[in-house]
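Examination of the molecular architecture
So you can see what is in the structure, the chains are spelled out below.
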Amino acid sequence: MKILVGYKRVVDYNVRIQVKPDGSGVVTEGVKLSANPFDEIALEEALRLREKGIATDVVVATIGPADCQAHLRNGLAMGANRAIHVVTSEAIQPLTAARTLLKLIEKEQPDLVILGKQAIDDDCNQTGQMLAALWNRPQATFASKVEISGSTAKVTREVDAGLETIEIDLPAVITTDLRLNEPRFTKLPDIMKAKSKPLESIPLESLGVESGDSLKTTAYAAPPKRSKGVMVKDVAELVALLKTKGLV
Amino acid sequence: MESRQLIDRRHLDFVLDEVLGVDDLCRYARFAEHSRETFGAALSLAQQIALDKFLPHNRKSDLNEPHMVDGKVVLIAEIGEAVAAFCEAGFSAVLADAGRGGMQLPFVVAAAADGMFCSANAATIAYPTLARAAANLLEVYASEEQKRLYMQPILEGRYFGTMCLSEPQAGSSLADLKTTASPRDDGSYAISGAKMWISAGDHELGENIVHLVLARIEGAPAGVRGISLFIVPRWRVNADGSRGARNDVTLAGLNHKMGQRGSVNTFLKFGESGDCAGYLVGTAHQGLAQMFHMMNEERIGVGLSAIQQAAIGYQYSLDYARERRQGRHPDQKDPSTPALALIEHADVRRMLLQQKCYVEGGQMLAYDAALLVDRQHDPDDSVRRDSAALLELLTPIVKAWLSDYALRANDLAIQIFGGYGYTRDYPVEQCYRDNRINPIHEGTNGIQALDLLGRKALMHDGAALKILAARIAASCAEAAAIAELAPLSRQLGQALVLVRDTTQAVAARLGQGEVRLALANAGHYLHLLGHVVVAWGWLRMAVTAQRALAAGNADSAFYQGKVQACRHFFAAELPQVELAAKLVASAEASAYDMRDSWF
Ligand SMILES: Cc1cc2nc3c(=O)[nH]c(=O)nc-3n(C[C@H](O)[C@H](O)[C@H](O)COP(=O)(O)OP(=O)(O)OC[C@H]3O[C@@H](n4cnc5c(N)ncnc54)[C@H](O)[C@@H]3O)c2cc1C
Ligand SMILES: Cc1cc2nc3c(=O)[nH]c(=O)nc-3n(C[C@H](O)[C@H](O)[C@H](O)COP(=O)(O)OP(=O)(O)OC[C@H]3O[C@@H](n4cnc5c(N)ncnc54)[C@H](O)[C@@H]3O)c2cc1C
């Protein structure tokens, strides 16, 4: 079984995001970039399936600028067998990402695609769903448990009402939630081994993907600072205050 | 504060990549498999494990000191988990040869990785780094058989190690150590004696502990020339590597420390029942020289560990100064105006900038010295020779200046927190306590100062100092070409003249046989030379920063911060060398002449 894993590079979750003074974006100069945490969970799940003998081949893929190579090497060091780098200098939106991943699916013919439920830069939560629709295969999003038997996957999903378990036929798209697993630490010797693992670069233009980018960003701004709170002496006063503010 | 901001990776990358250009090391055969990418990946891994596994129990292990139950040391479980994560990731073998399963990383990169663990939890990191130091020593001096039995399991994270030098009556003065070794028929030695202050001397983290013990073989000459180095395992090891019977090493007690409480500190007795097996490492009577061979690296480690505690205290206080609101400007009388963030006050900014100067300048010096260790792999032997000489000279400064000024930085961090800094509800008081050991162990700072002035500065006719002066002069020439830095370049040039004149005055006094008086102000001399080399580091950082600014780098605030800190160091710190130089050159003697009975 072959698994394709989406492995996006984003501003590290430890970095305090700053908006550029001219509002044209967020500051990325000198800022640490690393794997989208949900994608690390996706890779971890794929590696565990390989360790259980269910998968044999784990391929990590990213769509991003030329300097994403080091990022993909991290995925290889964590344990992926191969990496595919779709090179583009432009930031792309979910539909374009889904169409690009579909091209990789056509090329690689995976039995399972695991993506993060969202990326922590734009928090879109769309790519996995769009990809399943374009591919015309089942999807199980927000996974907190995955069990594969034969050509079906039993997936426990985190939904508003609690947990929901569904069974889907493979090939399919699964997107990960935070509680699915705890990604492993890389090992130093594997950083060295990753250097000789295959990493294929494909220019985005060469895939013939029609751009689906339809949103235009006009400006970025930092969220307003939280205004000062007031202390109330008891529940009655709280309720009265909420009423006067029209909140209840 | 969230753990996320606590390690300033941007500064680290700036020093390693932009100022020192450590990827230059990849042209050496030993590091040919490496690249900036592998260095970066190793550092990121260290950062992740430090924040996830070491930082979270830092306070808990301070509050839950190791204790003894039925003769065994009990540690909180998190220490074992963190150490296991460190070892499993391969950090025990980070420097070791690829052939032994190591990563063969340059010392400077490994030191930077260690630094992150030191910031996160100085006590827990002591266990695996002491083990690694023991392995490094065995790599150089032990026989292949000893390496197989005692070193390889350390590299694999299964065994731990200690350094057993100190005894109750022999701390600074190892010449007085009394532990003895008597030859036995099977070629091993029976060890007998007591060792005090042994860090990580007993615990259950691994399968075995390899004590590296300094002892005197029966009939050996007195003093430092009669000391040999022995492997003394806690459990004996059979020829096939399996664990044998318990060796005669007993845990006689625990020391209760001011800080770094999570790292157990022990009083050990060897051979109480007359059956403690020890195995000679290398040549008899060469033990101290062998131990000191490793000491350069260990002392850089101590300086770096100190400055990393300062670094995290600085980050805590910076964050606090941005959040806490208090008071108004001296010319703002209207009480209805909102209180200002502490960072708005000039005096608070001074305390932050002073910390930045010590921390970042200190890190620069530590990495610069660490890089000299890696220069031993340069194909050109004049590079190797000069680097070795410079490393000898800088080592006492790295150890002592960094550990002194790191404490000052922690003191300032507490001050910024005001009353809250004095409580255990905030982390900065622990930083200070954890850091207080560093001027004491691995040779006290007083001993470092004597080593610097009494030996290193004057050795081979001052050869090392000349190499240093030439390098500083070259940096001054570079800075002189940048208008903003030209005055600073001149100022450092003048300080260099002061170093030369002061050193000559000491040499002359030593030549007249006034050894005690000439060295009486050695501490001031270390302060003088320390400030000069840290100023040198700041000037180089400022040159790099000015160039980035001139090139229009978008991260201008970062680079402006470097230039400004450099200016502050030259304005408020570097002028202090004049007083130090005067005291040393004139052999100012008020303390020297003070009598015991006058106190
Ligand atoms: C937490 C901790 C961990 C340690 N870990 C280890 C370890 O793992 N292994 C190990 O072997 N040791 C260890 N030590 C011991 C440490 O190296 C010694 O404490 C140190 O060398 C100082 O020795 P001392 O404590 O006997 O002080 P002393 O030698 O009594 O010194 C006291 C003071 O006198 C000064 N002084 C002494 N002699 C001179 C001199 N000739 N000239 C000028 N000033 C002098 C010193 O600078 C110092 O200020 C540890 C100590 C501590 C506190
Ligand atoms: C052990 C202890 C015992 C105490 N006992 C008492 C007691 O019995 N009774 C009592 O009333 N109080 C007591 N205090 C409170 C003590 O007086 C305050 O902690 C102290 O006045 C500092 O105030 P703060 O802690 O709020 O720090 P902050 O005022 O927040 O100061 C933090 C830092 O900012 C600096 N700073 C603040 N404002 C300015 C400014 N305008 N310009 C420049 N720098 C500024 C300060 O110098 C300090 O470095 C005690 C505190 C402690 C820790």
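Note that the structure is a prediction, hence the values are computed from the model and not measured. (Residues numbered from 1 in each chain as written. Chains lettered and ligands numbered in written order. Predicted model: local features only at pLDDT ≥ 70, side-chain atom pairs only at ≥ 80, totals over all residues. Heavy atoms only, no water.)

What about the overall build of chain B?
Along the backbone of chain B there are 19 helices and 12 strands. A compact globule built from 599 residues should have a C-alpha radius of gyration of about 25 Å, and chain B, at 25 Å, falls within 12% of that. In terms of its C-alpha atoms, chain B occupies a principal-axis envelope of roughly 80 × 60 × 60 Å. Split into buried and exposed, the 599 residues of chain B put 57% on the buried side. Partitioning the intrachain contacts of chain B with sequence separation of at least 6 by distance along the chain shows that 75% fall at a separation of at least 24. Surface accessibility of chain B: about 23700 Å² in total, with carbon and sulfur atoms responsible for 51%. (Helix = DSSP H or I, 4+ residues; strand = E, 2+ residues; numbered from the N terminus. Rg over C-alpha atoms; globule rule 2.2 N^0.38 Å. Buried < 20%, exposed > 50% of the residue type's maximum accessible area, 1.4 Å probe, protein only. Contact = heavy atoms within 4.5 Å. Areas by Shrake-Rupley, 256 points an atom, 1.4 Å probe, with all protein chains shown as cover.)

A short note on the UniProt feature "domain: Acyl-CoA dehydrogenase/oxidase C-terminal" (unreviewed entry) in chain B
In the numbering used here, UniProt assigns the "domain: Acyl-CoA dehydrogenase/oxidase C-terminal" (unreviewed entry) feature to residues 286-451 of chain B. End C-alpha atoms of residues 286-451 of chain B are separated by 20 Å, and the span's content is 70% helix alongside 0% strand. (UniProt positions renumbered as here; feature names shortened; annotations may be inferred.)

Here we look at the confidence of the model for chain B
Of all residues in chain B, 99% have pLDDT values of 70 or greater, and the mean over the chain is 96. Interface predicted TM-score (ipTM) for the complex: 0.89; the corresponding pTM is 0.94. (pLDDT = per-residue confidence, 0-100.)

Examining the site of ligand 2
Residues and elements named next belong to chain B. Surrounding ligand 2, one finds 13 residues, the nearest of these being Arg 324, His 345, Gln 415, Ile 416 and Gly 419. Arg 324 is positioned with one of its side-chain polar atoms (N or O) 2.7 Å from an oxygen atom of ligand 2. A distance of 2.7 Å separates an oxygen atom of ligand 2 from a polar backbone atom of Gly 419. In isolation ligand 2 offers 970 Å² of accessible surface; the protein chains occlude 43% of this area. Mapped onto the shell around ligand 2, the elements with two or more residues apiece are helix H9 (346-374) and helix H10 (381-416). By residue class, the composition of the shell around ligand 2 is 6 nonpolar, 5 polar and 2 charged. (Near = heavy atom within 4 Å. Polar contact = N/O pair within 3.5 Å; in protein donor to acceptor, adjacent residues only side chain to side chain. Nonpolar A, V, L, I, M, F, W, Y, C, P; charged D, E, K, R; others polar.)

Side note on the UniProt feature "domain: Electron transfer flavoprotein alpha/beta-subunit N-terminal" (unreviewed entry) in chain A
UniProt's feature table lists "domain: Electron transfer flavoprotein alpha/beta-subunit N-terminal" (unreviewed entry) at residues 23-211 of chain A, given in the numbering used throughout. Span residues 23-211 of chain A is 30% helix and 31% strand, its end C-alpha atoms 25 Å apart.

Regarding the interface of chain B and chain A
Counting residues at the interface gives 29 residues for chain B, matched by 18 residues for chain A. Taken over both partners, the interface formed by chain B and chain A buries close to 2100 Å², and the fraction arising from carbon and sulfur atoms is 60%. The tally of links between chain B and chain A comes to 3 salt bridges. Taking the shortest distance from any N to any O, the salt bridge between A:Arg16 and B:Asp319 comes out at 3.3 Å. Across the chain B-chain A interface, the total number found is 3 residue pairs in polar contact (both at pLDDT 80 or more). Of all elements in the fold, only helix H1 (9-19), helix H2 (36-54) and helix H4 (77-88) of chain B reach the threshold of two or more residues within the side of chain B that touches chain A. Sorting elements by how many residues they give to the side of chain B that touches chain A places H2(B) first, with 12 residues. (Buried area = accessible area lost by both parts, 1.4 Å probe. Salt bridge = Lys/Arg side-chain N within 4 Å of Asp/Glu carboxyl O.)

Things to note about unusual backbone geometry
Here the amide bond leading from A:Leu170 into A:Pro171 is cis, since omega sits at -5°, within 30 degrees of zero. Position of A:Pro171 among the secondary structure elements: in the loop between strand E9 (162-169) and strand E10 (172-176). The phi dihedral of B:Gln104 is positive, around 55°, even though this residue is not glycine. Residue position: B:Gln104 is located in the loop between H4 and helix H5 (107-120). By relative accessible area, which is 16% here, B:Gln104 ends up buried. Phi at B:Gln260 takes a positive value of approximately 45°, unusual for a residue other than glycine.

Looking at the site of ligand 1
Residue and element names in this part refer to chain B. Taken together, 18 residues lie around ligand 1, and Met 163, Leu 165, Ser 166, Ser 172 and Thr 444 are the ones closest in. In this structure, Met 163 approaches ligand 1 through a main-chain N or O atom, which is 2.7 Å from a nitrogen atom. The backbone of Trp 197 places a nitrogen or oxygen atom 2.8 Å from a nitrogen atom of ligand 1. Expressed as a share of its isolated accessible area of 960 Å², the protein-covered part of ligand 1 is 61%. Ranked by residues supplied to the shell around ligand 1, first place goes to strand E5 (residues 189-199) with 3 residues. Of the residues assigned to the shell around ligand 1, the class counts are 9 nonpolar, 7 polar and 2 charged.

Re the packing of aromatic side chains
All names here are of chain B. Counted under the stated rule, the structure contains 17 aromatic pairs over all chains. Judged by centre distance (5.0 Å) and plane angle (70°), the ring pair of Phe 86 and Phe 117 falls under edge-to-face. Highlighted residues: Phe 86 in helix H4 and Phe 117 in helix H5, separated in sequence by 31 residues. Classification of Phe 117 by relative accessible area gives buried; the value is 0%. Feature note: the residues Phe 54, Phe 86, Phe 91 and Phe 117 constitute an aromatic cluster, connected by ring pairs. Sitting over the face of the ring of Phe 558, Arg 10 holds its NZ or CZ atom 4.0 Å from the ring centroid. (Phe/Tyr/Trp six-rings, centres within 6.5 Å; stacked < 30°, edge-to-face > 60°. Lys NZ or Arg CZ within 6 Å of the ring centre and 35° of its normal.)

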